[in-house]
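# Descriptive analysis of the structure
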Amino acid sequence: MAKISVGILGATGMVGQTIVQLLDRHPWFEVTELAASEKSIGRRYADVMNTRWNISESMPDYAKDMVVKECRPNLDCDIVLSALDSGVAKEIEEDFAREGYAVSSNAKNHRMDADIPLLIPEINADHLSLIDVQRRQRGWKGFIVTDPNCTTITMCLPLKPIFDKFGLEKVMVTSMQALSGAGYPGVSSMDIVDNVIPYIGDEEEKVQTEPLKIFGKSSGGSIREANFAVSAQCNRVAVKHGHTECISVKLAEKAEKEDIIRSFAEFNPNRALKLPSAPEHPVIYIDKENRPQPKLDVNAGRGMASVVGRLRPCSILDYKFVVLGHNLVRGAAGAAILNAELLKVTKYI
Ligand code: NAP
């Protein structure tokens, strides 16, 4: 089978380099183009990344001699995975879609647009039908799909089986978010060592609004948002990778603890699609009182699973639990790749 050619926009950033690494020897995709800002253009990827390669796996050989290009829609590829800074992503991604490229984006800019899918393949693959609406309304030859904010993805995976089986009325979440979530170079060491910063710009709004679109019903070319309430408090902590979230939920129906744990174990609606990056178990429950922890559990399911623990009754809402997800893998790079894999099996690319 001929491989699908992939360009990576923002290939030099934290998310971009994670995509470069995750696509090494991918069975369906081959990276043919790397692109970034003016300061990187025209240089060998290995030279640009000399002191910036920041993930523990070494740089794949295929990328080392590639020359970084400008983010203009003249790249030799079928699909672009965008890891662009949100300050520039909107226009660049639209230029690519207009010129006929499929765009799988990590940036926040288009997530809440009514005609652009905000995808988690295990939850709302049917939202792909928005692509046809998008092309019709915007006159684009290509299209854009987006993945959610990293905290949102991590939280939505365990919420989905709960939502389907017992209904959700209220969600309260307090996050402890890793440093790599702020990109490179991110938060100054003087600000974060020995500290917790109780504010991340725009984050709480995203975590409160995106789940309602993701859990929304697709019908007649639009999404009717779900109607539970989400209240979020987001904090930056001195962890390198992995967002931890403490969540309380109010359910629509009564549920036993064992029923909720069983719903996590049974949740894998996309198993039949055999997407190469999909985890065997999207939600992993660890029945130990001191888990999940970033240090021990961030790479569970190759970084593509949400790891849950400490499910117990909540004295204000119904239940509370802790969830951990790899912000760079399931929360960004792996999510954009999984969306691209879904586009392939649904024949959008
Ligand atoms: P980052 O480390 O700051 O990387 C930003 C990338 O954008 C770099 O490749 C940079 O290229 C490129 N860029 C900046 N200005 C540009 C311009 N004018 N033209 C072309 N390219 C430009 O950020 P990140 O953490 O990887 O995040 C990338 C995107 O993913 C953001 O939209 C972010 O919100 C989103 N996201 C991040 C995470 C996470 O965990 N980090 C999770 C979910 C979503 P140069 O190196 O050449 O400047």
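Residues numbered from 1 in each chain as written. Predicted model: local features only at pLDDT ≥ 70, side-chain atom pairs only at ≥ 80, totals over all residues. Heavy atoms only, no water.

### Some details on the pattern of salt bridges
This model, assessed by the stated rule, comprises 18 salt bridges. The shortest N-O distance in the salt bridge between lysine 64 and aspartate 61 comes to 2.9 Å. With lysine 64 and aspartate 61 both in helix H3 (residues 61-64), this residue pair falls three residues apart, about one helical turn. The closest approach of N and O atoms between aspartate 297 and arginine 291, which form a salt bridge, is 2.7 Å. The exposure class assigned to arginine 291 is buried, which follows from its relative accessible area of 18%. The structure contains a network of salt bridges with shared partners spanning Arg44, Asp47 and Asp65. (Salt bridge = Lys/Arg side-chain N within 4 Å of Asp/Glu carboxyl O. Helix = DSSP H or I, 4+ residues; strand = E, 2+ residues; numbered from the N terminus. Buried < 20%, exposed > 50% of the residue type's maximum accessible area, 1.4 Å probe, protein only.)

### What to know about the packing of aromatic side chains
Applying the stated rule across the entire model yields eight aromatic pairs. Their ring planes at 70° and their centres at 6.1 Å tell us that phenylalanine 143 and tyrosine 348 sit as a pair that is edge-to-face. Residue phenylalanine 143 is found in strand E6 (residues 143-146), and its partner tyrosine 348 is found in the segment after helix H12 (329-345); the two are separated by 205 residues along the sequence. By way of ring pairs, the aromatic residues Phe163, Phe215 and Phe228 are connected into one cluster. Stacked on the ring of tryptophan 28, the Lys or Arg lysine 344 has its end atom at 4.5 Å from the ring centre. (Phe/Tyr/Trp six-rings, centres within 6.5 Å; stacked < 30°, edge-to-face > 60°. Lys NZ or Arg CZ within 6 Å of the ring centre and 35° of its normal.)

### Focus: the domain arrangement of the chain
According to the domain assignment, the chain consists of domain 1 (4-149 + 332-345) and domain 2 (150-327). For domain 1 and domain 2, the distance between their C-alpha centres works out to 23 Å. Taken together, the contact pairs 34 residues of domain 1 with 40 residues of domain 2. In total, domain 1 and domain 2 occlude about 3,000 Å² of area from one another, counting both sides; carbon and sulfur atoms represent 64% of this. When the area that domain 1 buries against domain 2 is broken down by residue, the three leading residues are Glu122, Ile123 and Asn149, summing to 26%. On inspection of domain 1 and its partner domain 2, the count reaches two salt bridges. A salt bridge links glutamate 210 to arginine 111, with the shortest nitrogen-to-oxygen separation between them at 3.0 Å. Those elements that provide at least two residues to the side of domain 1 that touches domain 2 are helix H5 (121-124), helix H6 (130-138) and H12. Looking at the side of domain 1 that touches domain 2, the element that brings in the most residues is H12, giving eight residues. (Domains from an automatic or database assignment. Contact = heavy atoms within 4.5 Å. Buried area = accessible area lost by both parts, 1.4 Å probe.)

### A word on the site of the ligand
Around the ligand there are 28 residues in total, and Thr12, Val15, Ser37, Ser40 and Leu84 lie nearest to it. Contact distances for the ligand include 3.0 Å between an oxygen atom and a side-chain N or O atom of arginine 52. Secondary-structure elements contributing two or more residues to the shell around the ligand are helix H1 (14-22), helix H4 (86-98) and H12. Its residues placed into classes, the shell around the ligand shows 13 nonpolar, 12 polar and three charged. Looking at the shell around the ligand, you find at least three residues from each of domain 1 (4-149 + 332-345) and domain 2 (150-327). (Near = heavy atom within 4 Å. Polar contact = N/O pair within 3.5 Å; in protein donor to acceptor, adjacent residues only side chain to side chain. Nonpolar A, V, L, I, M, F, W, Y, C, P; charged D, E, K, R; others polar.)

### Considerations on H4
In a regular helix each residue adds 1.5 Å, so 13 residues correspond to 18 Å; H4 covers 19 Å between its end C-alpha atoms and thus fits that length. Listing the buried residues of H4 in full gives Ala89, Ile92, Glu93, Glu94, Phe96 and Ala97. For H4, the elements touching its buried residues are strand E1 (4-9), strand E4 (79-82), strand E5 (102-105), H6 and E6. N-capping of H4 is provided by aspartate 85, with a side-chain oxygen placed 2.8 Å from the backbone N of glycine 87. Count one or two residues on from H4 and you reach glycine 100, which has phi positive near 105°. (Expected span 1.5 Å × (residues − 1).)

### Describing the nonpolar core
In terms of nonpolar packing, the biggest core is built from 40 residues, with Ile8, Leu23, Leu34 and Tyr45 touching the most fellow members. A total of seven residues in this core trace back to one element, the largest contributor, which is H12. Residue contacts for tyrosine 45: discarding those within four places in its chain leaves Ala11, Thr12, Gln17, Val20, Leu34, Trp53, Met59, Ala63, Lys64, Met66 and Val68. Within the second largest apolar cluster, 38 residues are counted, among which are Val207, Leu311, Tyr319 and Ala335. (Core = buried A, V, L, I, M, F, W, Y, C linked by side-chain atoms within 4.5 Å.)

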